[in-house]
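Fold and contact review
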Amino acid sequence: MGSTAGSRGPVRRLVTGAVALLAAASLVTACGSGDGGSGGGGGGGAAGAHGVDDGATLTMWTRAATRPQSEALVKAYNAGHKNKIELTVVPTDDYQAKVGAAAGSKDLPDLFASDVVFVPNYTSNGLFADLTDRVDALPFAEKLAQSHIKAGTYEDRKYVVPHTLDLSVLFYNKDLYRKAKLDPDKPPTSLSEWDRQARAVDALGGDVNGTFFGGNCGGCGVFTWWPSIWAAGVDVLNKEGTEAELSSDTARKVYDTYRGWVKDDIVAPGAREETGTTWTGIFPKGKVGVMPMPSTTLGLMPENLDLGVAPIPGPDGGRSTFVGGDAIGISATSRSADQAWNFLAWSLGDEAQVEVVAAHKDVVARTDLASNKYSKADPRLVTINELVADGRTPYALKFGQTFNDPNGPWLKLMRDAVFGDGSSVDKDNDAVSASLAD
């Protein structure tokens, strides 16, 4: 089933080891083609789209945030293949430092996953093997979550594939909608409708509130605010991820809406102080009308909570999502790239995506499998799966220090724009750009 931990990448896991990672990672840049051996670090070709299953023992690392999904895939693969994967689950807060240290000593595992927003740090420092030919040879290559593929593309070469996906979506309480005389089958399709519906629920009074957000959590902001900007067809960063575009008219409309909720007390108590640690625990209590949430929390909701799921809309319509989660690749120093690819190719195939990923109510990595025998049983899952095609994953080498760090410039922009008067957006946007380009 889904896991709130899966949301911790873009949401609230800080990259305290990012600087150390880059320093160590630079030591392995020159080893992008591996040290030799069968398929070591290569782009593939001889082994075809499926790789080699000859009884090799492979090592794999993943962070604790995606442990359930990773363990389920590895268990299923080991049960049906000659190759065997030895999975190591690393505490999420220690992951960056561990990968950095291993990169410096050229002791990376055959396979390792990464929070997708930090993949550019690894690709630009040569930690992953080139998978371009292998990925392109997959019959469903174009159906893979393209936001993850793009995040893992460096200098027109592809280095990772989707591993686990976590999307930002709207959750709304149908019982509260009924009480507020709102149609429980018509969630908001624009930010203005979201505003109206949140206010209608809030008007019920008592301990009921219209909405909620993590107001002291930079990761929460990028995960749930940016989709409203993207939904309008507007960018938040330039293509290189070195300049912010967070002072656009569309972005200001988003900030203004949230500021209005704060001003008029439409938000549940605690938003101003919420650092992300209890952010996802508010809605399940059944007292909030509509708010953006990680898709992985759906499977953790109380069974008696009648809730709907909808895409995050833009100010005047549209739909988008922040496609988070983890991407995975073969390390540049692996001597068993063909065998490692066998696991990756299998993990993206119909069997794994349907019988492992979808069966656990997780988001599938392929848009052509959005509606499958498991998701069809819950239309909300189909909605989430289909949204992958409309989502984005931002690309920036300085993502952690800029957007996740509680002392970074993005959180200041967020708080000034929503809890202040919004007059410093241009200045704060310049500070974000300066951090990205640093």
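Below or above, wherever it landed, is the structure these notes cover. (Residues numbered from 1 in each chain as written. Predicted model: local features only at pLDDT ≥ 70, side-chain atom pairs only at ≥ 80, totals over all residues. Heavy atoms only, no water.)

Remarks on the state of the cysteines
To keep things clear, this is the line we draw: Cysteine sulfur atoms are paired as a disulfide whenever they fall within 2.5 Å.
Under the defined criterion, the tally for this structure stands at one disulfide. With a sulfur-sulfur separation of 2.2 Å, Cys 217 is cross-linked through a disulfide to Cys 220. Sign of the S-S torsion, about 80° for the bond between Cys 217 and Cys 220, identifies this disulfide as right-handed.

Observations regarding the packing of helix α3 (residues 67–80) against helix α13 (residues 337–348)
As a reminder, the rule being used: The axes are straight lines fitted to the C-alpha atoms, using for helices just the contacting stretch, and the angles between their N-to-C directions are given from 0 to 180°. A run of H or I in DSSP becomes a helix once it reaches four residues, and a run of E becomes a strand once it reaches two; helices and strands are each numbered from the N terminus. Throughout, the term roughly parallel applies to angles under 35 degrees, roughly antiparallel to angles over 145, roughly perpendicular to angles from 65 to 115, and oblique to all others. Crossing handedness is defined as follows: a turn of the near helix away from the far one that is anticlockwise and smaller than a right angle gives a left-handed crossing, while the clockwise case is right-handed. Note on definitions: a residue-residue contact is assigned when non-hydrogen atoms from the two residues lie within 4.5 Å. Under this grouping Gly is polar, as are all residues other than the nonpolar Ala, Val, Leu, Ile, Met, Phe, Trp, Tyr, Cys and Pro and the charged Asp, Glu, Lys and Arg.
Where α3 meets α13, the axes come as close as 11 Å, and the angle between the chain directions of the two elements is 115°. Taken together, the axes of α3 and α13 are roughly perpendicular relative to one another. In terms of crossing hand, the pair formed by α3 and α13 is right-handed. Contacts between α3 and α13 involve Leu 73, Val 74, Ala 76 and Tyr 77 from the former and Gln 339, Asn 342, Phe 343 and Trp 346 from the latter. Looking at the contact of α3 with α13, its residues break down into six nonpolar, two polar and no charged.

Details of helix α4 (residues 95–104)
Spelled out, the test is: Partly exposed residues are those whose accessible area sits between 20% and 50% of the maximum for their type, while under 20% is buried and over 50% is exposed, using a 1.4 Å probe and protein chains only. In this description, one arc is meant: the one made by directions from the helix axis to the C-beta atoms.
For α4, the complete set of buried residues consists of Tyr 95, Gln 96, Val 99, Gly 100, Ala 102 and Ala 103. An end-on view of α4 places all buried positions within 165° of arc, on one side of the element. Positive phi shows up at Lys 106, right after α4, with a value of about 55°.

Things to note about the packing of aromatic side chains
Test applied: Stacked, edge-to-face and tilted labels apply to pairs of Phe, Tyr and Trp rings (six-membered ring for Trp) whose centres lie within 6.5 Å, assigned for plane angles under 30 degrees, over 60, and everything in between, in that order. When the NZ atom of lysine or the CZ atom of arginine is within 6 Å of a ring's centre and also within 35 degrees of its normal, the charge is said to sit over that ring.
This structure, assessed with the given rule, holds 26 aromatic pairs. Between Trp 226 and Trp 230, the ring centres sit 6.1 Å apart and the planes meet at 75°, which makes this aromatic pair edge-to-face. Of the two residues, Trp 226 and Trp 230 both sit in helix α11 (residues 226–230), four residues apart, roughly one turn of that helix. Directly above the ring of Trp 61 sits Lys 98, whose terminal nitrogen or CZ lies 4.6 Å from the centroid.

Details of the pattern of salt bridges
Oppositely charged side chains can pair when the atoms bearing their charge come close. Note the threshold: For this document, the term salt bridge refers to a Lys or Arg side-chain nitrogen within 4 Å of an Asp or Glu carboxyl oxygen.
According to the stated counting rule, one finds 24 salt bridges in the structure shown. The closest approach of N and O atoms between Asp 175 and Arg 178, which form a salt bridge, is 2.9 Å. Here the residue Asp 175 and the residue Arg 178 both occupy positions in helix α8 (residues 174–179), the gap between them amounting to three residues, near one helical turn. For Arg 380, the salt bridge goes to Asp 378, with nearest N and O atoms at 3.0 Å. Beyond isolated ion pairs, a larger network of salt bridges with shared partners links Asp 195, Arg 199, Lys 263 and Asp 264.

Quick word on the packing of α3 against helix α14 (residues 350–357)
Where α3 contacts α14, the two axes come as close as 10 Å, and the packing angle between them is 125°. It follows that α3 is oblique to α14 by the angle criterion. Of the two possible hands of crossing, α3 and α14 adopt the one that is right-handed. Counting all contacts with α3, which are made through Ala 72, Leu 73 and Ala 76, the residues of α14 involved are Ala 352, Val 356 and Val 357. Split into classes, the residues belonging to the contact of α3 with α14 amount to six nonpolar, no polar and no charged.

Description of the pairing of strand β10 (residues 317–320)
Under the convention used in this document: Should DSSP find at least two bridges between two strands, the strands are regarded as paired.
Sheet topology places strand β9 (residues 312–314) next to β10; two bridges connect them, and they run antiparallel. Pairing of Ile 312 across the sheet is with Ser 320, part of β10. Between β9 and β10, which pair antiparallel one after the other, the connecting turn spans two residues.

Looking at the nonpolar core
Condition: Here, the term nonpolar core denotes a set of buried Ala, Val, Leu, Ile, Met, Phe, Trp, Tyr and Cys residues that are joined through side-chain atoms within 4.5 Å.
Trp 225, Trp 226, Leu 246, Phe 343, Phe 403 and Trp 410 are the most contacted members of the largest nonpolar core, which has 128 residues in total. The biggest single contributor to this core is α13, with eight residues.

Let's talk about a negative patch on the surface
Heads up, the rule is: Like-charged residues are merged into a patch within 9 Å and nonpolar side chains (Val, Leu, Ile, Met, Phe, Trp, Tyr) within 5 Å, provided each residue has over 30% relative accessible area and no salt bridge. Using the Shrake-Rupley algorithm and a 1.4 Å probe, accessible areas are obtained, with residue cover drawn only from the displayed protein chains. In this charge count, Lys and Arg are treated as positive and Asp and Glu as negative; neither His nor the chain ends contribute. Lysine's charge is taken at NZ, arginine's at CZ, aspartate's at CG and glutamate's at CD.
The grouping of Glu 240, Glu 243, Glu 245 and Asp 430 at the surface amounts to a negative patch. Of note, Glu 240 is situated in the loop between α11 and α12 (249–263). We classify Glu 240 as partly exposed; its relative accessible area is 47%.

Quick look at the environment of Phe 223
With respect to the element layout, Phe 223 can be found in helix α10 (residues 218–224). Since its relative accessible area comes to 0%, Phe 223 is described here as buried. The spacing of Phe 223 and Met 293 is 70 residues in sequence and 8.7 Å in space, taken between C-alpha atoms.

Some words on the side chain of Asp 130
This is how it is decided: The term polar contact refers here to a pair of N or O atoms within 3.5 Å; inside protein, the definition further demands a hydrogen-donor-capable atom paired with an acceptor-capable atom, and it admits residues adjacent in sequence only when both atoms are side-chain atoms.
Looking at the element boundaries, Asp 130 is found in the loop between α5 (119–123) and α6 (132–137). Within polar-contact distance, the side chain of Asp 130 engages the side chain of Thr 132 at 2.6 Å. Here the side chain of Asp 130 touches Arg 157 through a polar contact of 2.8 Å, side chain to side chain.

Details of the pairing of strand β8 (residues 307–310)
Two faces make up the sheet, and in a regular strand the side chains alternate between them. Every second residue of β8 is oriented toward a common face, with Leu 307 and Val 309 on one face and Gly 308 and Ala 310 on the other, all of them buried. The sheet contact formed by strand β6 (residues 161–173) and β8 spans four bridges and is antiparallel. What sits directly across from Leu 170, in β8, is Ala 310.

Some points on unusual backbone geometry
In the Ramachandran plot, Lys 181 falls in the positive-phi region, its phi being about 65° despite a non-glycine side chain. With respect to the secondary-structure elements, Lys 181 resides in the loop between α8 and α9 (191–202). Taking relative accessible area as the criterion, Lys 181 reaches 74% and is therefore assigned exposed. The phi torsion at Lys 361 lies on the positive side, around 65°, for a residue other than glycine. Mapped onto the secondary structure, Lys 361 falls in the loop between α14 and α15 (379–387).

Function cannot be inferred from these measures alone, as they are strictly geometric.
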